[in-house]
2 protein chains.
Amino acid sequence: MIERRWRVAAMPEEQLDSSHFELVTAERPEVLDGQVGCRVLWISIDAAQRAWFQGVSYRDALHIGDTMPAFSIGQVVESRSGDFVPGDIVSGHLGWQDYSVVDADELTRIEVKAPLSRYLSVLGITGLTAYFGLFAVGEAKPGETVVVSGAAGATGSLVGQMAKLRGCRVVGICGSTEKQEWLTSKLGFDAAVNYRDENFRAALKQACPDGIDVFFDNVGGTTLDVALSRMAHRGRIVCCGVVSQYDTTTPSRGARGVPGILIGKSITMRGFLYTDYVERSDEAMQALQGWIEEGTLIVAEDILEGLEKAPQGLIGVLNGTNVGKQLIHVADPS
Amino acid sequence: MIERRWRVAAMPEEQLDSSHFELVTAERPEVLDGQVGCRVLWISIDAAQRAWFQGVSYRDALHIGDTMPAFSIGQVVESRSGDFVPGDIVSGHLGWQDYSVVDADELTRIEVKAPLSRYLSVLGITGLTAYFGLFAVGEAKPGETVVVSGAAGATGSLVGQMAKLRGCRVVGICGSTEKQEWLTSKLGFDAAVNYRDENFRAALKQACPDGIDVFFDNVGGTTLDVALSRMAHRGRIVCCGVVSQYDTTTPSRGARGVPGILIGKSITMRGFLYTDYVERSDEAMQALQGWIEEGTLIVAEDILEGLEKAPQGLIGVLNGTNVGKQLIHVADPS
């Protein structure tokens, strides 16, 4: 049986474009002992996928010829493991392809209680990242001012809403007037500012008259520099992503004023991955599930249809064209 | 009565030198109601005094004509406050001068149980900064690798010794072979590396084969960049000072790889002032006093004699000529 996969055709030097990928076909690979063969149903598109080309991250760097990796939802078609049977819905690193053969111990079975796409957004890594980043890393408290960059993105849109639920004042940083409008009118943000505006610095200052207690940063670069200059005493910066610096081979020199500003205002900057808080996963999932059921958390998913759209999805995320979680819908479960 | 004081004669553009100060004399100022007049006995010299010229810190910027400020030990000569009587030994911001008139509520009485200089070193701000930075901010644990920059300086020399007392492996970063020798043979550091050496990066790597769990940074600049690249997963960077960037009007762009490295390794960078932990002062003072009495903590003080040496002292600290805490001995108590 012939299946499709996206492989790396060239290493990007500057901005990623479609020429860096090629869609190839091959015989479905054999499932070996201890492995599982899955049909890929949904693919998560994350800005970090661009960073994997840079070779500096929490995973191995990409090389030409590699199948493009991605966290995904799949359905087991063939199992040579005692842990899975055909029909099981699973999550794991299945990649940008129709069919994936992976070691059974790299898969997690999903007890499906919600639309499948949710397990890549609010009930998946994105939701856990937002939850742990805001509460465990950022220690957001009622009454505090929380600013989130990439506010209309997958993680940012959840962070802002959760901060509102916690009783914080919430300011979003995004890249268009449409997104500003969406954040304040639909998601309940107290204010939203546009980093592309000439008066961005002044607008952020006006939106945060008492300074920033928690800055949840998905973006880095100049946005981080500006936010650093507005931090309140004992403020916390949650370092979640650096999307402004992924789509280049010459990332910026570093965060301006670090460490001087950190000392002058007793500020904490902390990087994290959701896996750092794996022992609190149940707590987080219960909270997230509860908010979804109550309808207090709006889940924004930006869905592209078809495996062939995967590169377009990633390029869009890097340029900020998506609203909410960017997903690729590949197939429905049987 | 005529008294001497050092005032700011010019604002430094690049490196501080003696032309930026002038020693002037004037009539002893009158003590007003609620104020106290003190003879200055000991002056603390701190690299941060250079940063005060830059205008970016936790205190107001300096201006031409200002008496050079400094934390000091004095003896009350005249009191128009019910809280102090002549003869009291006090600490406070008395400045680079023979005689200082300050508001009584800005002074702290010292119950003298040790040589007076100790209250500006191990039993003063320096000791508290080292203690809280290492244990409260850095959360150093037995068996961890602690690296301290400015290791032969006032704070660094205490940090390294305290980390050894806690059971850590300790590596010092300093600027001369003499200091390396002193750190390892006299203070018990496990290793010391010289940031001026060509092979500094390789030497630090060799000294920290498992990475750095706690980096206590007094220096910033390139030293911080190099240490960042060697941090262990979940490492902590204690941002205490940026001495490499004080003696210039064009400080470096920022810490390289921040926030990317912080995310990839779940690293925390935290700035602080000892005052953030004022509620734990008793605990810290008891510990410090205990170590001094046991003789387990070697206190290094680098003493210059005479108020006229104050500029030389500060210039020396910025160039790293001092070993241990730089102090100016102005007068003895009556």
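Residues numbered from 1 in each chain as written. Chains lettered and ligands numbered in written order. Predicted model: local features only at pLDDT ≥ 70, side-chain atom pairs only at ≥ 80, totals over all residues. Heavy atoms only, no water.

Asker: Whenever I open this one, the relation of the copies chain B and chain A confuses me. Can you help?
Answerer: Two chain copies, one operation linking them: a rotation about an axis together with a shift along it. Rotating chain B by 180 degrees and moving it 0.0 Å along the rotation axis overlays it on chain A with an RMSD of 0.0 Å. Here the transformation between the copies is reduced to the relation of a two-fold axis. (Least-squares fit on C-alpha atoms with pLDDT ≥ 70 in both.)

Asker: Would you explain the nonpolar core in this entry?
Answerer: Buried together is how nonpolar side chains tend to be arranged in soluble globular proteins. Within the largest apolar cluster, 121 residues are counted, with the highest numbers of intra-cluster contacts made by Trp96, Leu204 and Met269 of chain A together with Trp96, Leu204 and Met269 of chain B. Here this core gets five residues from one element, more than from any other, and that element is helix H9 (residues 310–319) of chain A. Sequence-distant contacts of Leu204 of chain B, that is, excluding residues within four places in its chain, are made with Val147, Val171, Ile173, Val193, Ile212, Val226, Ala227 and Arg230 of chain B. Counting 52 residues, the second-largest nonpolar core is a separate cluster that includes Phe71, Val148, Ala192 and Trp291 of chain A. (Core = buried A, V, L, I, M, F, W, Y, C linked by side-chain atoms within 4.5 Å. Buried < 20%, exposed > 50% of the residue type's maximum accessible area, 1.4 Å probe, protein only. Helix = DSSP H or I, 4+ residues; strand = E, 2+ residues; numbered from the N terminus. Contact = heavy atoms within 4.5 Å.)

Asker: Can you walk me through the environment of Ala51 of chain A in this structure?
Answerer: Residues and elements named next belong to chain A. Within the secondary structure layout, Ala51 lies in helix H1 (residues 48–51). Look at Ala51 and you get buried, because its relative accessible area is 5%. Distance from Ala51 to Asp33, taken between C-alpha atoms, is 33 Å for residues 18 residues apart in sequence.

Asker: Where do I start with empty space enclosed by the protein in this structure?
Answerer: Using a probe with the size of a water molecule, rolled over the atoms, empty space left in the structure can be pinpointed. All names here are of chain B. All chains considered together, the criterion is met by one cavity of 30 Å³ or more. Its boundaries defined by the atoms lining it, the largest cavity holds a volume of some 30 Å³. Lining the largest cavity, in full, are Ser121, Thr126, Ala154, Ser157, Leu158, Val299, Ala300 and Lys325. In terms of residues, the lining of the largest cavity owes the most to one element, helix H3 (residues 154–165), which gives three residues. (1 Å grid on protein atoms, 1.4 Å probe; cavity = no way out; pocket = protein on both sides within 12 Å on 5 of 7 lines; lining within 4 Å. Points joined across faces, edges and corners; volume = space filled by probe spheres on them.)

Asker: Teacher, can you tell me more about helix H2 (residues 125–137) of chain B here?
Answerer: Within an α-helix, residues lying three or four positions from one another point in the same direction, as the helix has 3.6 residues per turn. Residue and element names in this part refer to chain B. Relative to the 18 Å expected for 13 residues at 1.5 Å per residue, H2 spans just 16 Å between its end C-alpha atoms, considerably shorter than the ideal helical length. A large share of H2 lies buried, amounting to twelve of its 13 residues. The complete set of buried residues in H2 reads Thr126, Gly127, Leu128, Thr129, Ala130, Tyr131, Phe132, Gly133, Leu134, Phe135, Ala136 and Val137. Of the residues trailing H2, Glu139 is marked for its positive phi of about 50 degrees. (Expected span 1.5 Å × (residues − 1).)

Asker: Quick question: what am I supposed to make of the interface of chain B and chain A here?
Answerer: A common way to express how large an interface is: the accessible area buried when the components associate. Contacts between the two partners involve 29 residues from chain B, matched on the other side by 29 residues from chain A. In this assembly, chain B packs against chain A so that about 2,500 Å² is buried in total across both faces, 55% of it on carbon and sulfur atoms. By the criterion of area lost to chain A, the three top residues of chain B are Arg253, Pro259 and Ile263 of chain B, representing 27% of everything that side buries. Linking chain B with chain A are two salt bridges. Applying the counting criterion to the chain B and chain A interface returns eleven residue pairs in polar contact (both at pLDDT 80 or more). Those elements giving two or more residues to the side of chain B that touches chain A turn out to be helix H6 (221–228), strand E12 (231–239), helix H7 (260–265) and strand E13 (268–271) of chain B. Of the residues belonging to the side of chain B that touches chain A, the class tally is 14 nonpolar, nine polar and six charged. (Buried area = accessible area lost by both parts, 1.4 Å probe. Salt bridge = Lys/Arg side-chain N within 4 Å of Asp/Glu carboxyl O. Polar contact = N/O pair within 3.5 Å; in protein donor to acceptor, adjacent residues only side chain to side chain. Nonpolar A, V, L, I, M, F, W, Y, C, P; charged D, E, K, R; others polar.)

Asker: What am I meant to see in a negative patch on the surface here?
Answerer: All names here are of chain A. There is a patch of like negative charges on the surface, built from Asp83, Asp103, Asp105 and Glu106. Tracing the backbone shows Asp105 in the loop between strand E6 (99–103) and strand E7 (108–109). Looking at Asp105, the relative accessible area reads 68%, which means it is exposed. (Patch = residues over 30% accessible without salt bridge, like charges linked within 9 Å, V, L, I, M, F, W, Y side chains within 5 Å. Areas by Shrake-Rupley, 256 points an atom, 1.4 Å probe, with all protein chains shown as cover. Lys, Arg positive; Asp, Glu negative; His and termini not counted. Charge placed at Lys NZ, Arg CZ, Asp CG, Glu CD.)

Asker: So what exactly am I meant to see when it comes to the pairing of strand E15 (residues 325–329) of chain B here?
Answerer: Look at any regular strand and the pattern is simple: side chains alternate between the two faces of the sheet. Residues and elements named next belong to chain B. Judged by how many residues are buried, E15 sits mostly within the fold: five of five residues are covered. Here E15 shows two buried faces, one formed by Lys325, Leu327 and His329 and the other by Gln326 and Ile328. Examined bridge by bridge, strand E3 (residues 35–44) and E15 share three bridges and lie antiparallel to one another. Across the sheet, the residue bridging to Ser44 is Leu327, located in E15. With five bridges joining them, strand E14 (residues 301–305) and E15 adopt parallel strand pairing. (Pairing = 2+ DSSP bridges.)

Asker: Is there a simple way to explain the domain arrangement of chain A in this structure?
Answerer: Residues and elements named next belong to chain A. Under the domain assignment used here, chain A contains domain 1 (2–121 + 300–329) and domain 2 (125–275). A separation of 28 Å is found between the C-alpha centroids of domain 1 and domain 2. The interface of domain 1 with domain 2 comprises 24 residues on the first partner and 19 residues on the second. Summed over both partners, the interface of domain 1 with domain 2 buries about 1,600 Å², with 52% contributed by carbon and sulfur atoms. (Domains from an automatic or database assignment.)

Asker: For this particular structure, what's the right way to read the sheet that holds strand E9 (residues 169–174) of chain A?
Answerer: Within a sheet, neighbouring strands are paired by backbone hydrogen bonds and run either parallel or antiparallel to one another. Across the sheet, which stays open at both edges, the twelve strands sit in the order E10(A)-E9(A)-E8(A)-E11(A)-E12(A)-E13(A)-E13(B)-E12(B)-E11(B)-E8(B)-E9(B)-E10(B) with mixed pairing between neighbours. The open sheet is flanked by strand E10 (191–194) of chain A together with strand E10 (191–194) of chain B, the only strands paired with a single partner. For this sheet, the mean angle separating the axes of adjacent strands, direction not counted, is 15 degrees. As paired elements, E12 of chain B and E13 of chain B share four bridges and run parallel to each other. Counted as the bridge partner of Cys239 of chain B is Gly271 of chain B from E13 of chain B. Relative to the sheet, H2 of chain B contacts strand E8 (145–149), strand E11 (212–217), E12 and E13 of chain B, its axis offset from that of E11 of chain B by approximately 150 degrees. Contacts from helix H5 (residues 200–207) of chain B reach E8, strand E9 (169–174), E10 and E11 of chain B, with the element oriented near 170 degrees to E10 of chain B. (Axes fitted to C-alpha atoms, helices over the stretch in contact; angles between N-to-C directions.)

Asker: Looking at this model, I keep getting lost on the packing of H5 of chain B against H6 of chain B. Mind explaining?
Answerer: Helix packing for two helices is described by the angle between their axes and how far apart those axes are. All names here are of chain B. Contact geometry of H5 with H6 gives a least axis separation of 10 Å together with a crossing angle of 45 degrees. Compared by their axis directions, H5 and H6 come out oblique. H5 and H6 meet at a crossing whose hand is right-handed. Residues Phe200, Arg201 and Leu204 of H5 form the contact with H6, whose own contacting residues are Thr223, Val226 and Ala227. Broken down by class, the residue content of the contact of H5 with H6 amounts to four nonpolar, one polar and one charged. (Parallel < 35°, antiparallel > 145°, perpendicular 65-115°, else oblique. Left-handed = near helix turned anticlockwise from the far one by under 90°.)

Asker: Just checking my understanding: could you explain the pairing of strand E4 (residues 71–79) of chain A for this structure?
Answerer: Residue and element names in this part refer to chain A. Here seven bridges tie strand E3 (residues 35–44) to E4, and the two strands are oriented antiparallel to one another. Residue pairing in the sheet places Val40 in a bridge with Gly74 of E4. Of the pairings in the sheet, the one linking E4 to strand E5 (residues 89–93) comprises five bridges and is antiparallel in character. Bridge pairing in E5 places Gln75 opposite Ile89.

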